[in-house]
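Survey of secondary and tertiary structure
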Amino acid sequence: MLFFLRTLVAAVAVLPFASAFIDNAAPYSGTYKATAHSKFPVTFTAGHAPGATYHDLIVYFGLATPNEIAASQNKSMGTPLPNATIDLVAHDADYLGHDRTFWVPLHSAAFPKKSGNYVLVAVVLTDNVNIYTPVPVNIPELRTFYISFKAVKE
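Turning next to the environment of A110. Of note, A110 is situated in the loop between β7 (99–105) and β8 (115–126). Leave out the neighbours within four places in its chain, and A110 touches L63 and L81.

Rendered as structure tokens:
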């Protein structure tokens, strides 16, 4: 009984130090058909990290070509997609410990060419950062994921 109580107290003591995080983004297979109202499926694996500070998480998206990403040495998010922001707290997803798919608005107007290879860049930040402000400086990103895919505009 004493062991159980000690274990319970220890578990409750670390709860304030637990944090949600996004572990990975699933790759996309196939060809994405972009239309005026299409949405791109992005699947994240989420989990918990004991000892980390709790944050409310937001995911910002950008669209780039593989050449743009390579030229920036993985430092660019490409063209920002302001209407594709996902507030994970609003979706009750920042603390889910399993895969979760979100449908990101990715319309044909975002693609400069009729077809080609692209990279959807997902930048995970805390909710108190807005990357769309003029001259973002020292953005404290938590994770960045690059999802490569082929797209065709319809």
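Anyway, onward from the coordinates.
Core analysis: the biggest nonpolar cluster contains 27 residues, and F44, V59, F61, L106, F111, L120 and F149 have the highest contact counts within it. For this core, the secondary-structure elements that each account for two or more residues are β1 (19–25), β2 (31–34), β3 (39–49), β4 (57–64), β7, β8 and β9 (143–153). Excluding residues that lie within four positions of it along the chain, L106 makes contacts with Y32, A34, S38, K39, F40, L63, L81, F111, L120 and F149. Formed by nine residues, the second largest nonpolar core is a distinct cluster that contains I58, Y60, A64 and M77.

This part is about the confidence of the model for the protein chain. Within the protein chain, residue pLDDT values average 74, and 63% of them lie at 70 or more. Per-element mean pLDDT across the protein chain ranges from 30 in helix α1 (residues 2–14) up to 96 in β2. Throughout residues 1–19 the model reports pLDDT below 50, and contacts reaching past four residues in sequence, or to other chains, amount to 15 contacts.

For the rest of this paragraph, the subject is the pairing of β9. In this sheet, β9 lies alongside β2 in parallel orientation, the contact comprising four bridges. From the neighbouring strand, Y32 faces β9, where its bridge partner is A151. In terms of strand pairing, β8 meets β9 through ten bridges, oriented antiparallel. Looking across to β9, one finds that S115 is bridged to V152.

Conventions and cut-offs
- Residues numbered from 1 in each chain as written.
- Predicted model: local features only at pLDDT ≥ 70, side-chain atom pairs only at ≥ 80, totals over all residues.
- Heavy atoms only, no water.
- Helix = DSSP H or I, 4+ residues; strand = E, 2+ residues; numbered from the N terminus.
- Contact = heavy atoms within 4.5 Å.
- Core = buried A, V, L, I, M, F, W, Y, C linked by side-chain atoms within 4.5 Å.
- Buried < 20%, exposed > 50% of the residue type's maximum accessible area, 1.4 Å probe, protein only.
- pLDDT = per-residue confidence, 0-100.
- Pairing = 2+ DSSP bridges.

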